[in-house]
Every structure is written in structure tokens, then in C-alpha cells.
Amino acid sequence: MSATLDELVATVAGQLMAVDSTTVAAEAGTVLRQLVGYFGMDLSFLRFHDQDRRATILVAEWPPRPDVPDPDPLGCIFFDSADPTFAASEHLADVMVVRPGADTAEYQERVLQGSGIAHTSTAIVPLRSGGLTTGVLGFVKFGDRGWEPAELRALRTIAALLAQLQARLTAEDQLRHLAHHDELTGLPNRRALLAHLENSLAPGWPGPRAVLFIDVDRLKAMNDFLGHQAGDQFIQAVAARLQANVRPQDFVARLGGDEFVVVIDGPSSPGHAESVALRIQAAVAEPIELGGQALSRTVSVGLALARPGRDFVSEWLHDADHAVLAAKARGGNAVVSFTEEMRTRTDAHNLVEMHLQAAIRDGSLTLDYQPVVELTSRRVVAVEALARWIHPVLGPLQPDVFVGVAEATNLAGELGRWVLDEACRQLAQWDATNPGLDVRVHVNVSPAQLIAIDFVDGVAATLAAHGVAARRLVLEMTEQAVVRDHDAALTTLRGLRKLGVGVAIDDFGTGYSSMEQLKGLPVSILKIDRAFVRDLGTNPQDLAIVQAVTALAAAFGLELIAEGVEDEAAAAILADLGCTQAQGFLFSPPVSAATMRGLLEAGDVQLRCLPARGK
Ligand code: C2E
Ligand code: CA
Ligand code: CA
């Protein structure tokens, strides 16, 4: 008996693996059919609770009822008006068996109404996740039926699988929405903007088309002065102003921070686009009421035109960005149209390009290392290599700046090879002075590297050259990098897996494009982006996302690392949610190789950042 129960559970687990939100009803129906057959039941149902509305919603049932009344009395049941049995399912913590008797008359009556059947016995198994009851799995037998302990155990396991599925589906829904919308304003985000721009440059459309790049002047000063929340409200107000001052068919997107883009619908002319820009400039500058104060900020607007069928989106946006920088350079509060002279001006971009190749060779490029720690013990389990560059003219540069330039100028491969080689060399050196060291080294990989055909061979050769075991290396890449050229990336990822190298999806949650695509990929780690971690203690939306990502990681058996942990509150919440590894200023900022060596010898980061606790 128990072997077959195990087999039943295993079959169900297999069936639920591939389910997504479009197939959940049908697949759950199939699972219920099997369970009904196995346990000799007459009816079964799966319900998911909606915590916000305090209701329970029918997801699937077996067998299907022949005549479902409309509205279906079993479809959506609000707990407040539910019979005692359904009401009890709201917070049900363990299996509830209801057998015929006077005390369940009201429940029997509702089942009678919904299905036309009287005198039933019912087993209700809660779906539990994160300490909440998130749904129920129910079985009905006409007449009486008792349950064996082994059967109940199997039901609990199946309910746990369903709860995990439910959490994963919720996570996928949230990420899908995030993928195209800016969380703060609800406006389309960068991804949606790029798709829209691509569309509007399709050959055959009348042109030219105009795009306005809008940047609020000195918002940071206001943020510093009034705090994050006020800054966020201000951004929301600006978003509303922008939408109110363009036509409904014009496209308004938020790029992040205080940057917005308006794409004017239909053909435009420099004069027309400028008049729209001036109107927006005036409208946004009007004072905004915030916490009893009237605040105002000017904006800079950059304007660029492009011709459908001839120009490229990347250049178009770049031109508008260039124009807005020119507006800022004039002190802000200005509308500037892009001109060809701007293109030829020697700017930071050119300076970086000129020196990067030399820097790779002359040693002005270095790596810092930031520990990844186990949350509870604060033991260092890995170090992430982060590139640093002191530019001879521009001074210290942010890696995202020069890595971006390297990408744009075909230097990404060269930079990436250097970083990987240096990180492996360093790890081998730490190993030599610290035998028994078992930390991994994480190296960031840029999109261009990932699709180079000789990438895997290069990694293998580097590992061999330094005598580093493949399992000690993790390569970090963003979702966009993986999804952009999916087939080439997949080949690379398979090669890496074969080699035994770990793969982490970096900045997870910010660039989700297709969970379905991501699912099939040989990936071992998710790194939750620091944007969701920063305000974990105060922002319930972020909490929900992190919770969802935790569920997602669990569902796919992936390791999870939270990035950007800056305070103990966030660390405690993450630990509660079941996230075991983290990285962030709370534990240690990125440090030089020499400092990292000391940290590795200590083994953990407790003594550095916390009052000594004893180990
Ligand atoms: P990333 O891969 O997400 O790296 C983590 C970044 O978060 C680092 O910034 C790190 O200093 C910062 N950080 C760590 N803990 C905290 C925290 O608690 N709070 C805050 N606010 N930030 C924290 P960094 O070093 O400026 O690097 C920025 C990005 O540049 C990296 O983001 C990565 O995408 C890229 N990058 C850095 N080195 C390389 C490299 O060698 N190759 C490639 N392709 N990209 C690199
Ligand atoms: Ca990274
Ligand atoms: Ca990251």
C-alpha cells in the first residue's frame, strides 16, 4: 500500500513540474482525477484562497459537474458569508475530516445546492505556505468514509506540492507584470518602451518620429532632503503630469530614477516636437503639493527624431539622451534638440574607449571582492569579483560605466577574459596560502561573452591554467543576456554545466522576459536584485516579490542569494523567508584582494561588522 502511495505522490509531483498559469486548471483537473480514482472518492476540488479579498476560489474539480449553476455557488466563496466548513478552511492548519452528522448541516446544504447531493463525508487538506493557508484540496465521498494515517500523510504531501505550485504561479505572475511596468508609477518601463520604439521605426510608417527624453533637474537633492518616500511621490506626480499633457495615443514610459521618455504618436517635425517639449516642461515645473508643501522642480528635455525603416532604436534613444545631457550641461530647465555636432563631440564615452584596451594590459584595472555569506552563520561561502578602474583622466569609474562601453566597442571579450583569468589566479593564490579553503568565486559575464562560440573552451582553459576545480567557479549573467540570444546562450550554458561550472542569474526580478524560457535553462543560482532587498523592512510590495522569488527558487531547486543587504532588519526578514545566502554592505563592501584574504582566513564576517557574539 505505502509503495503505491509513494508512487502516486511521485506521479503528481512530476505532473505539476511543468504547469504554468495557463495550464493549471486543466493539469490540476488531471491530478484530481487520479486522486479520485486512487482513493475511491466521488468528488474532489482544488481551491486557492485570495488573501486580499478573503475568499476562496475554485481552481479545478473532478469530475466536472454536468450543470454548473450561474453564478456557481461554489465558484468564489467569501469567508465572511461561508458555511462553517468553508469558513474553517480559511486558516485551516491540518487535514479536516467532516463526516455526516447534525453539526455539519449547513455545509451539507451548500453542497446539496451546488451539486444536488446530500449526506457526504469530506476531507479537506490545507495548502500551506509562508505560515498561511493559501488554499485547500478537498475530497467528497457520498456516504461515509474514514482515512488511514498513511493516506493522510500522502494527502499532506500532495497539498504541499500544490502549495509550492501556487506560490510559483503567483511569483511568475508578479514577475510577468514587473517585466513591462514600472512598479512606482505603473507606466510602461524600459523594456516596453524599447518594444514600442522598435515598432514605430518599422519600415513603411510615415516619419520622422519624435522622442522626448525627460530628466527632472536636481531630484537627488530633494530626495536627500525629504527622504525616499517624498521623492517617490514626486515621481508619481510627474508621471501623472506627463500623461495629462500628451495625447492618449502618445506613449509615456519611465526609464527609472527621474528619467521619462515620451514617444509622440505619428509623424512629427522639429517644430512640432519642440512645442510638445515646451508644454511638458512648463507643466512639470508647476508646483506639486507634497505633505502640505508646494514643491517644484524644473526639467531638462532632450529631443531626437528618427526615420522609420532607416534609423535604429538604440541610436535614436542615445541621441535623445545626448540632447538631454546637453540641456543639463546648460544648467537644466531647457529643451535641446539633438544635432550631428553632438555626435562628434569627445565625451567620456570616447575617453573610456581610448584607454580601456591599454588599461587591460597595464594593470590599472583591478578586481575587488565582495563576500557572499551564509545568513545565519555569516560564514563566507563565496566571493564576487568586481572590476575596478582608475581612469588616467576621468579618475575612478563605475564598473557599469566602463563595462557598458566595453560592450559597445567590442572590448567586452577582452575585458571578460582578463577578469576571469585574474579571479581564478587570485583564488588559486588564496588556496595556496589557505589550504582547505572551499569558497567559490563568482565572476560577472557580459552578454557578448556569453554568445561567443569559444567561451566555454576559454573558461575550461582558464580553470586548467590555474588548477581551479570547475565547481569553485560561478558565472553571473543577467536574464536579458540569456534571453536575448536564447539559442546561443543555451549552448553555452549546457557547455558550462557539462564542465561543472555554476551559473547564477544576476539582478533577478529586474529583467524578467520569459519565465518559460528561463525554466528550461541549466542554471543553479538566482540572485535577487538589491532593488527589492533595500526596503524589505518597509515596503510590502518588495516583501511580496522576495517571498515570490524564494518560492520560485524552491520550486526549481535553485540556490538563492539576496543582494544589497544593508541592515539587520532585511537580513532577519530574508532568513525568515528561507533565503540562506546574502551579500551586501551589512556584511562587507567589496574589498581589495589583500583585505579579502584576511576575511577568508577568519572564515566569517561576524567580527568585522557586528559586536562579537562568539561562534
Ligand atoms: P552586480 O553584479 O549586481 O554587482 C553588485 C554591485 O552591488 C556592486 O557594484 C557592489 O558594490 C554593489 N553592492 C554590493 N552590496 C551592496 C549594498 O549593500 N548596497 C548597495 N547599494 N550596493 C551594493 P559595482 O562594483 O559598482 O558593480 C556594478 C555592476 O557592474 C555589477 O553589478 C556588474 O553588473 C558590473 N560589473 C562589475 N564587475 C564586472 C565584470 O568584471 N564584468 C562584467 N561583465 N560586469 C561587471
Ligand atoms: Ca553580479
Ligand atoms: Ca546583481
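Here the structure is a predicted model, which means the values were calculated and not measured.

Draft legend 1. Up close: the site of ligand 1. Around ligand 1, a shell composed of 23 residues is seen, among which Gln370, Arg388, Arg530, Glu566 and Phe585 lie nearest. Between ligand 1 and Asn444 there is a distance of 3.1 Å, counted from an oxygen atom to a side-chain nitrogen or oxygen. The backbone of Phe585 places a nitrogen or oxygen atom 2.7 Å from an oxygen atom of ligand 1. Its free accessible area being 800 Å², ligand 1 has 85% of it covered by the protein chains. Elements with a minimum of two residues in the shell around ligand 1: strand S15 (380-391), helix H13 (399-408) and strand S19 (502-508). Examining the composition of the shell around ligand 1, we find that 4 residues originate from one element, S15, more than from any other. Of the residues contributing to the shell around ligand 1, the split by class is 9 nonpolar, 6 polar and 8 charged.

Draft legend 2. Inspection of the environment of Thr185 at higher detail. Assignment of secondary structure puts Thr185 in the loop between helix H5 (149-180) and helix H6 (190-200). A distance of 2.4 Å separates a polar atom in the side chain of Thr185 from a polar atom in the side chain of Asp182. Among the polar contacts listed, one links the side chain of Thr185 to the backbone nitrogen of Leu187, at a separation of 3.1 Å.

Draft legend 3. How the structure looks around the pairing of strand S18 (residues 473-478). Across the 6 residues that make up S18, a large majority, 5, are buried. Pairing analysis gives 4 bridges linking strand S17 (residues 440-444) to S18, with the strands arranged parallel. By the bridge assignment for S18, His442 is matched with Val474. Two strands pair when backbone bridges link them, and S18 and S19 are joined in this way by 5 bridges, in the parallel orientation. Residue pairing across strands places Leu475 opposite Val503, the latter belonging to S19.

Draft legend 4. Structural context of the environment of Val443. Relative to the helices and strands, Val443 resides in strand S17. Judged by its relative accessible area of 2%, Val443 is buried. Here the alpha-carbon distance between Val443 and Gly257, two residues 186 residues apart in the chain, equals 27 Å. Setting aside anything within four residues of it in sequence, one finds Val443 in contact with Val419, Leu420, Ala423, Leu473, Val474, Leu475 and Glu476.

Draft legend 5. Quick peek at the coordination of the calcium ion (ligand 2). Note on the calcium ion (ligand 2): its protein donors are Glu384 (OE), Asn444 (OD1), Glu476 (OE) and Asp506 (OD). The metal-donor distances range over 2.1 to 2.3 Å. Each donor residue of the calcium ion (ligand 2) belongs to the same chain, and together they define the spacing E-x59-N-x31-E-x29-D. Between the two metal centres, the calcium ion (ligand 2) and the calcium ion (ligand 3), the spacing is 4.0 Å, with Asp506 acting as a shared donor. Here the residue Glu384 occupies a position in strand S15, and Asn444 occupies one in strand S17, the gap between them amounting to 60 residues. Overall, the relative accessible area of 5% leaves Glu384 in the buried class.

Draft legend 6. Focus on empty space enclosed by the protein. For the structure on display, the rule yields 1 cavity of 30 Å³ or more. Computed from the structure, the largest cavity encloses a volume of approximately 170 Å³. If you trace the largest cavity, you find 15 residues lining it, with Leu43, Phe45, Glu61, Leu74 and Val140 closest to the centre. Only strand S1 (43-50), strand S2 (55-62) and helix H4 (105-115) provide two or more residues apiece to the lining of the largest cavity. Ranked by residue count, the leading element in the lining of the largest cavity is S1, at 4 residues.

Draft legend 7. Helix H16 (residues 455-466), seen in detail. Compared with the 16 Å implied by 1.5 Å per residue over 12 residues, the 17 Å span of H16 between its first and last C-alpha is a close match. Here H16 has its buried residues at Phe455, Val456, Val459, Thr462 and Leu463. Looking straight down H16, one finds its buried side chains confined to an arc of 125°; they lie on one side. Facing away from the buried side of H16 by more than 90 degrees, the exposed set consists of Asp457, Ala464 and Ala465. On its buried face, H16 sits against helix H14 (412-433), helix H15 (447-450), S18 and helix H18 (486-499). Immediately beyond the C-terminal end of H16, within one or two residues, lies Gly467, with a positive phi of roughly 65°.

Draft legend 8. Representation of the pattern of salt bridges. Summed over all chains, the structure comprises 24 salt bridges. The partner of Arg378 in a salt bridge is Glu568, with the nearest N and O atoms 3.1 Å apart. A residue pair is termed long-range when its members are at least 10 positions apart, and Arg378 in the loop between strand S14 (365-374) and S15 and Glu568 in helix H22 (residues 568-577) qualify at 190 residues. For Arg378, a relative accessible area of 6% translates into the label buried. For Glu568, a relative accessible area of 31% puts it in the partly exposed group.

Draft legend 9. Spatial organisation of the layout of surface pockets. By volume, the second largest pocket is sized at about 920 Å³. Elements with a contribution of two residues or more to the lining of the second largest pocket: helix H2 (24-39), S1, strand S5 (120-129), strand S6 (132-142), H5, helix H21 (540-555) and H22. Counting residues per element, the lining of the second largest pocket draws most heavily on H5, which supplies 9 residues. Tallied by class, residues from the lining of the second largest pocket come to 14 nonpolar, 12 polar and 5 charged.

Cut-offs applied
Residues numbered from 1 in each chain as written. Chains lettered and ligands numbered in written order. Predicted model: local features only at pLDDT ≥ 70, side-chain atom pairs only at ≥ 80, totals over all residues. Heavy atoms only, no water. Near = heavy atom within 4 Å. Polar contact = N/O pair within 3.5 Å; in protein donor to acceptor, adjacent residues only side chain to side chain. Areas by Shrake-Rupley, 256 points an atom, 1.4 Å probe, with all protein chains shown as cover. Helix = DSSP H or I, 4+ residues; strand = E, 2+ residues; numbered from the N terminus. Nonpolar A, V, L, I, M, F, W, Y, C, P; charged D, E, K, R; others polar. Buried < 20%, exposed > 50% of the residue type's maximum accessible area, 1.4 Å probe, protein only. Pairing = 2+ DSSP bridges. Contact = heavy atoms within 4.5 Å. Donors = N, O, S within 2.8 Å, 3.2 Å for Na, K, Ca; no water. 1 Å grid on protein atoms, 1.4 Å probe; cavity = no way out; pocket = protein on both sides within 12 Å on 5 of 7 lines; lining within 4 Å. Points joined across faces, edges and corners; volume = space filled by probe spheres on them. Expected span 1.5 Å × (residues − 1). Arc of directions from axis to C-beta. Salt bridge = Lys/Arg side-chain N within 4 Å of Asp/Glu carboxyl O.

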